[in-house]
Every structure is written in C-alpha cells, then in structure tokens.
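Per-entry structural report
Chain residues, written in single-letter form:
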Amino acid sequence: MKRVIATALLYLAIPATVAPAQDMTRYIDMSSPDMTSAEMTRGDVEAALHTSNAATPADFTGKKLSGLDLSGLDLSGAIFRAARLNRTKLAGAKLDRAVLDQAWLAEADLTGASLKGATLFASQMPRARLDGADLSGARVAADLSDASLVGASIEGAHLGADMRNQSMGLMRAVLKSANLDRLNARGADLSRVDLEFASLKQADLTGASLKGAQLGGANLTGVTVIDTDFDGADLTSAKLIDPIGLERAKNFDHARNRERLIRE
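Parameters at a glance
- Residues numbered from 1 in each chain as written.
- Predicted model: local features only at pLDDT ≥ 70, side-chain atom pairs only at ≥ 80, totals over all residues.
- Heavy atoms only, no water.
- Helix = DSSP H or I, 4+ residues; strand = E, 2+ residues; numbered from the N terminus.
- Core = buried A, V, L, I, M, F, W, Y, C linked by side-chain atoms within 4.5 Å.
- Buried < 20%, exposed > 50% of the residue type's maximum accessible area, 1.4 Å probe, protein only.
- Contact = heavy atoms within 4.5 Å.
- 1 Å grid on protein atoms, 1.4 Å probe; cavity = no way out; pocket = protein on both sides within 12 Å on 5 of 7 lines; lining within 4 Å.
- Points joined across faces, edges and corners; volume = space filled by probe spheres on them.
- Nonpolar A, V, L, I, M, F, W, Y, C, P; charged D, E, K, R; others polar.

**Side note on the environment of Glu 247**
- Mapped onto the elements of the fold, Glu 247 is located in the segment after strand E2 (139-143).
- Sequence separation of Glu 247 and Ile 226 is 21 residues, and the distance between their C-alpha atoms is 7.8 Å.

Pasting the structure below:
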C-alpha cells in the first residue's frame, strides 16, 4: 500500500507525508497546468492503441490527458496508472479491464462507458459523470463524491474496504452526495462504503452487502433490498420510504440508528 500511494504522490511532486490515503484533492491545485493540460492528442492515443495488444497493452502511466475528447475509443486493458484525465471526455468509451489506479478523473465524462473488470484504486473522481456506465465486476476504491451514476451498473463490483490491507487508512469507495438513482448494485460489495447524503432512489441492492456502510442522510426511497446485508450499517436520518423486499433483508435488526430512520 505504501508503494502505491508513494507512486501517486511522486507524479504530483508533493510530499508523501502530506496527503491521507484517499482524499488528496484538498492538497492539489486543480487549476494548475499539470492537472488541466494534455501532452498527447487524440491521434497520439489512437496511435498507441494501434501498436498495442493483449500481451503489451497501451501504457499511459503518469500521462497528462486532461480535457481530451477520447469518446468512443476502445481502451480495453489500457494502463492509466496515475494519469491525469480531469474533464476528459470518455463517453461511450470501452475501458474493460483498464487500470485506472491513482488516476485523476475529476469531472470526467464517462457517460455510457464500459468499465467491466476495471480497477480504480485510490482514484480521484469527484463530480465525474458515469450515468449509464457499466462497472460490473470492477474494483473501485475511488473518491466519487458528488459524482453521478444514474442508471449505472456496479453489479458484482467490489467497492468495500479490504480490511486485510488498510495500513495507510481506510481505502474504499466514497460516494458522498453522489446521485445513484436507479443504480444496479445487485451482488455488489458496499461494505464500509461512504454513502452519506447519496441519492439511491429506486436503486436495486439485491444481494448487496452494506455491512458497516455509512448511509447517514441517504435517500433510499423505493430501493430494492432483497437479501441486502445491513449488518452494522449506519442509517442515521436516512430516508427509507416504500422499500421493496425489506422483510427479506439480512441483519436489518443489526443496523445502527434504525430509530432515526425517516420512514414517511
């Protein structure tokens, strides 16, 4: 873990002792050329893809690609470790099995993109747009605060904390104040995920794990919770109105602050 974080900080030339494990945006000037410019064109990216193959995927590690229009490209398996993709257009792009660990994707447009099996570890994605995106089976330990995933799929994805490897702090998905309406989260691991003030209206959480998740102030109106595990989840001031399958939810009686739920 220490090597992973040190690598991300090295690219940004800031001391490794300054930033916590996951939230580094507060220490970075997001308006600097390093975070807003591109050192490659779309043509350059396409040329790199043309010479790549499954054994030798295109490698954009540490590259500045912010603001580019890469919509619709097939970037499957490409490596974007610690790359800067802030406000980059990736709508409809194919990023299946792509490596986006420690990448910066603030306000990136991933509308309708496919990220099946991709890895997004310690990625910074505040206000990113992933409406209709497919992250099935992905590993996501990213900061997605204020992001939009309306109608997206994280079916079978792993967003929860791996408690066997947390030496640098709690690494899990942060979806604080995110719009997750109509999200398909069937079978997803959302254990210990930060979902405070997120909107999950009509989301499908069938078979998902919310163990230890933070749901304070979240809007769960019309959510499907058949076989959803609430063990240790914090429900302070969450809106649980007209849920579907609550009688079949797991460990709902072990959720915290159930008495502070808003039920109507």
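**Some remarks on the nonpolar core**
- Counting 74 residues, the largest nonpolar core has Val 45, Leu 75, Phe 80, Leu 110, Leu 115, Leu 130 and Leu 175 as the members making the most contacts within it.
- Those elements that provide at least two residues to this core are helix H3 (42-50) and E2.
- Not counting residues up to four positions away in its chain, the partners in contact with Leu 75 are Val 45, Leu 49, Phe 80, Leu 90, Ala 93, Lys 94, Leu 95 and Ala 98.

**Observations concerning the environment of Leu 215**
- Here Leu 215 shows up in the segment after E2.
- Owing to a relative accessible area of 1%, Leu 215 belongs among the buried residues under this scheme.
- The contacts of Leu 215, once residues within four sequence positions are left out, are Leu 195, Leu 200, Leu 210, Leu 220, Ala 233, Asp 234, Leu 235, Thr 236 and Ala 238.

**Observations regarding empty space enclosed by the protein**
- Under the definition given, this model contains 1 cavity of 30 Å³ or more.
- In this structure, the largest cavity encloses a volume near 80 Å³.
- The wall of the largest cavity is formed by Met 125, Leu 130, Leu 135, Val 140, Leu 144, Leu 149, Ile 154, Leu 159, Leu 175, Leu 180 and Leu 183.
- Classifying every residue of the lining of the largest cavity by side-chain character gives 11 nonpolar, no polar and no charged.

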